[in-house]
Amino acid sequence: MAGLSTHVLDTSKGKPAVELKIELYKILNTGRVLVKTVSTNQDGRIDGPLLSSENLEEIHYELLFFAGDYLKKQNSDLKHIFLDKIPIRFFVNNKSEHYHVPLLLSPFGYSTYRGS
């Protein structure tokens, strides 16, 4: 099934990142256009796809993860937050495929990949 999805795992806790705000943008010649704002659920996922197959376009997108807000809530002992907002820009080159862009997050680093 084509479309776009994401999830966030808190690798410092070994658990899903709950209630982490994410914004999805289209990247156009005229600038960024906000498409959707969502928050992760109890499983660190979004309730439903970010974009369905009908709405997915062959363009650049950006997922903006509000990691700092999440990390401040989860780690009250941290005096300073190293990561704040994490942008991930990617290109959809085949709208008939599914694009899954997960974020593995800790207070001092992150990683991502194209999942299935």
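Computed from a predicted structure; not experimentally measured.

## Things to note about the side chain of S106
Within the secondary structure, S106 is located in strand β10 (residues 103-106). Under the relative-accessibility criterion, S106 is labelled buried at 17%. Not counting chain neighbours up to four residues away, the residues in contact with S106 comprise T11, S12, L71 and L83.

## Some details on the nonpolar core
Core analysis: the largest hydrophobic core is formed by 27 residues, its most contacted members being L4, F65 and L105. Counting residues per element, the ones that place at least two in this core are β4 (21-28), β7 (60-66), α1 (67-74), β8 (85-91) and β10. Here F65 is in contact with T6, V8, L20, K21, I22, D84, K85, I86, I88, V101 and L103, once residues within four sequence places are set aside.

## Some remarks on the sheet that holds β7
The 4 strands lie next to each other as β5-β4-β7-β8, forming an open sheet whose pairing is antiparallel. Each edge of the sheet is formed by a strand with only one pairing partner; in this case those strands are β5 (31-39) and β8. Averaged over all neighbouring strand pairs, the angle between strand axes comes to 20 degrees, with direction disregarded. Bridge count between β4 and β5: 8 bridges; the pairing is antiparallel. From the neighbouring strand, I22 faces β5, where its bridge partner is V38. Sheet strands touched by α1: β7 and β8. Its angle to β7, the strand with the most contacts, is close to 20 degrees.

## Some thoughts on the pattern of salt bridges
According to the stated counting rule, one finds 7 salt bridges in the structure shown. In this structure, the salt-bridge partner of D43 is R45, at a minimum N-O distance of 3.3 Å. Here K85 ties to D84 by a salt bridge, and the two come within 3.9 Å at their closest N and O atoms. Ionic contacts of the salt-bridge type, sharing partners, join the residues R32, E62 and R89 into one network.

Thresholds, definitions, all that
- Residues numbered from 1 in each chain as written.
- Predicted model: local features only at pLDDT ≥ 70, side-chain atom pairs only at ≥ 80, totals over all residues.
- Heavy atoms only, no water.
- Helix = DSSP H or I, 4+ residues; strand = E, 2+ residues; numbered from the N terminus.
- Buried < 20%, exposed > 50% of the residue type's maximum accessible area, 1.4 Å probe, protein only.
- Contact = heavy atoms within 4.5 Å.
- Core = buried A, V, L, I, M, F, W, Y, C linked by side-chain atoms within 4.5 Å.
- Pairing = 2+ DSSP bridges.
- Axes fitted to C-alpha atoms, helices over the stretch in contact; angles between N-to-C directions.
- Salt bridge = Lys/Arg side-chain N within 4 Å of Asp/Glu carboxyl O.

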